[in-house]
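One-letter residues, chain by chain:
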Amino acid sequence: MWIRLAALTMVAALAMPVSAQVRPDRAATMDAAATAAMAKTGAKGLAIAVIEDGKIVFVRAYGARNAKGDPLQDATIMYGASITKAVFAYTVMQLVDEGKIDLDKPIAAMLPKPLPEYGNLDAYGNWGDLAADERWRKVTPRMVLTHSTGFANFSFLEPDGKLKFHFDPGARYAYSGEGIILLQFAIEKGLGLDLGAEMQRRVFDRFGMTNTSMIWRPDFAANLADGWQADGTVEPHDERGRVRAAGSMDTSIADMARFAAGFIRGDGLSAKSRAEMVRPQLPITSRTQFPTLLEAPADQRWPGLSAGLGVVTFQGPQGPGFFKGGHNDSTGNSWVCVERGRRCIVILANDVRAEKAFPDLVRAALGETGVPYGWEYGF
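Rules and cut-offs
- Residues numbered from 1 in each chain as written.
- Predicted model: local features only at pLDDT ≥ 70, side-chain atom pairs only at ≥ 80, totals over all residues.
- Heavy atoms only, no water.
- Helix = DSSP H or I, 4+ residues; strand = E, 2+ residues; numbered from the N terminus.
- Contact = heavy atoms within 4.5 Å.
- Buried < 20%, exposed > 50% of the residue type's maximum accessible area, 1.4 Å probe, protein only.
- Lys, Arg positive; Asp, Glu negative; His and termini not counted.
- Salt bridge = Lys/Arg side-chain N within 4 Å of Asp/Glu carboxyl O.
- Pairing = 2+ DSSP bridges.
- Axes fitted to C-alpha atoms, helices over the stretch in contact; angles between N-to-C directions.
- Parallel < 35°, antiparallel > 145°, perpendicular 65-115°, else oblique.
- Nonpolar A, V, L, I, M, F, W, Y, C, P; charged D, E, K, R; others polar.
- Disulfide = S-S within 2.5 Å.
- Expected span 1.5 Å × (residues − 1).
- Arc of directions from axis to C-beta.
- pLDDT = per-residue confidence, 0-100.

**Points about the environment of His-327**
Okay, so step 1: Mapped onto the fold, His-327 is located in strand β10 (residues 319–328).
Okay, so step 2: His-327 sits 258 residues away from Gly-69 along the chain, and the two C-alpha atoms are 23 Å apart.
Okay, so step 3: Those residues in contact with His-327, other than ones at most four positions away along the chain, are Ala-81, Ser-82, Val-352 and Glu-355.

In structure tokens form, the structure reads like this:
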């Protein structure tokens, strides 16, 4: 009986509007912090969620969602950017729990034919470029999720536009969206799964994320956020017509609050897989995240900074934590959690200028955590 009551309680919590879950003591603190952040940076729009003990205690949006001045709301559709990668990793770990993926079995073994034989595919990657380099046989899902494949971020950023290995797979951390797409390719072509449908069922439906999708939905247009670039130029929201595990997710701050709360509680994963995602797997040896391939001398590295699976782990004054960011020319997103007290903040900004105030917002919500924003953004 108690299991049924617990399940009903969880369903009721998911159904409750997040605006009804705002704690008054949190509102005053976060309202002041958001107002100060927007004044400091000139950002036009910003949305924040705070989780304590695995429960949503604050969700609110501030400012405008477009140049007309329509208000940004907690249900407004915003670009998830690379926070998508963390949600993808959560999905992958469900497949691990089900025995459909082995983190340490080469991706090559998941595919019915050698990777380079698929050629260069617009929908995925330039796998044909790897024909002369047998190291593609060594790449595993764990290497993908720890960003240690050896690829650059994307092959289109290479001087010659070709996909290549810059170091042996698994040797070190170097952020790569290309690697994430490789694992998506293996899931879809090797396991025969539709990743968009899997994420919808396994994540968005599970947590009641009704305004989240890996692909553009026409109903999003009614309450959609455009973005502001660093120079104040407005950038229209990109209607993404293809599922891309590296960053195609549209979402809202209310929906991301539901995901963050569920994740920090451990919902939907075995205890082993949840722990594995946030375990320090591979030390990060770069001074900043971008450019992706540069290593730093030992005295310029961030102590305690490591790759988890789909997230970055750190050690701070409150103990272990993890985070994942998302960024493009007009988007700045951040998800930070500390394990002690199961506490998180999610920040979605439709104005990239807001990023400079993220350390202040995190401190307002969680206190001093030790998140290395100097590594994340280079400031």
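**Digging into the side chain of Glu-355**
Okay, so step 1: Position of Glu-355 among the secondary structure elements: in the loop between β12 (343–349) and α9 (358–366).
Okay, so step 2: Among buried charged residues, Glu-355 stands out as having no salt bridge; its nearest opposite-charge side chain is Lys-356, 7.2 Å away.
Okay, so step 3: Not counting chain neighbours up to four residues away, the residues in contact with Glu-355 comprise Gly-326, His-327, Thr-331, Gly-332, Tyr-377 and Phe-379.

**Comments concerning the sheet that holds β10**
Okay, so step 1: Taken in spatial order, the eight strands line up as β2-β1-β12-β11-β10-β9-β8-β7 in an open sheet, and their pairing is antiparallel. Pairing within the sheet leaves two strands with one partner each, and these edge strands are β2 (55–63) and β7 (282–283).
Okay, so step 2: As paired elements, strand β9 (residues 312–316) and β10 share five bridges and run antiparallel to each other. Residue pairing across strands places Phe-314 opposite Gly-321, the latter belonging to β10.
Okay, so step 3: The strands touched by α9 within the sheet are β1 (45–52), β11 (331–338) and β12, with β12 carrying the most contacts at an inclination of about 145 degrees.

**Quick notes on the packing of helix α3 (residues 83–97) against helix α6 (residues 195–204)**
Each pair of packed helices gets described by two things: the angle between the helix axes and the distance between those axes.
Okay, so step 1: Look at α3 against α6: their axes get within 10 Å of each other, and the N-to-C directions meet at 85 degrees. Considering the angle they form, α3 stands roughly perpendicular to α6. When α3 is examined against α6, the residues Val-87, Phe-88, Tyr-90, Thr-91, Gln-94 and Leu-95 are found in contact with a partner set consisting of Leu-195, Met-199, Arg-202, Val-203 and Phe-204.
Okay, so step 2: In the contact of α3 with α6, the residues fall into eight nonpolar, two polar and one charged.

**Some points on the state of the cysteines**
Okay, so step 1: Tallying each qualifying case throughout the model produces one disulfide.
Okay, so step 2: Between the sulfur atoms of Cys-337 and its disulfide partner Cys-344 the distance amounts to 2.1 Å. As the torsion about the S-S bond is roughly 105 degrees, the Cys-337-Cys-344 disulfide counts as right-handed. Summarising the burial analysis for this pair, Cys-337 and Cys-344 share the class buried.

**Section: helix α2 (residues 24–41)**
Okay, so step 1: The end-to-end C-alpha distance of α2, which contains 18 residues, comes to 26 Å, matching closely the 26 Å that a straight helix rising 1.5 Å per residue would cover.
Okay, so step 2: Every buried residue of α2 is listed here: Arg-26, Ala-27, Met-30, Ala-33, Ala-34, Ala-37, Met-38 and Thr-41. End-on view of α2: buried residues confined to an arc of 145 degrees, all on one side of the axis. Turned more than 90 degrees away from the buried face of α2, the exposed residues are Pro-24, Ala-28, Thr-35, Ala-39 and Lys-40.
Okay, so step 3: Taken together, the buried residues of α2 touch β1, β2, β12 and α9.
Okay, so step 4: Just past α2, the residue Gly-42 takes up positive phi, approximately 80 degrees.

**Concerning the pairing of β11**
Okay, so step 1: With eight of its eight residues buried, β11 lies for the most part within the structure.
Okay, so step 2: Neither face of β11 is exposed, since Thr-331, Asn-333, Trp-335 and Cys-337 on one face and Gly-332, Ser-334, Val-336 and Val-338 on the opposite face are all buried.
Okay, so step 3: The antiparallel hairpin formed by β10 and β11 contains two residues in its connecting segment.
Okay, so step 4: Alignment of β11 against β12, held across seven bridges, turns out to be antiparallel. Paired with Asn-333 across the two strands is Leu-348, which belongs to β12.
Okay, so step 5: Count of turn residues in the β11/β12 antiparallel hairpin: four residues, of which Gly-341 carries a positive phi of about 80 degrees.

**Quick notes on the confidence of the model for the chain**
Okay, so step 1: Confidence in the prediction of the chain, expressed as mean pLDDT, is 94, and 94% of residues score 70 or more.
Okay, so step 2: Within the chain, helix α4 (residues 141–145) carries the highest mean pLDDT (99), whereas helix α1 (residues 2–15) carries the lowest (41).
Okay, so step 3: When the criterion is pLDDT under 50, residues 1–15 qualifies, and its contacts beyond four places in sequence or with other chains add up to six contacts.

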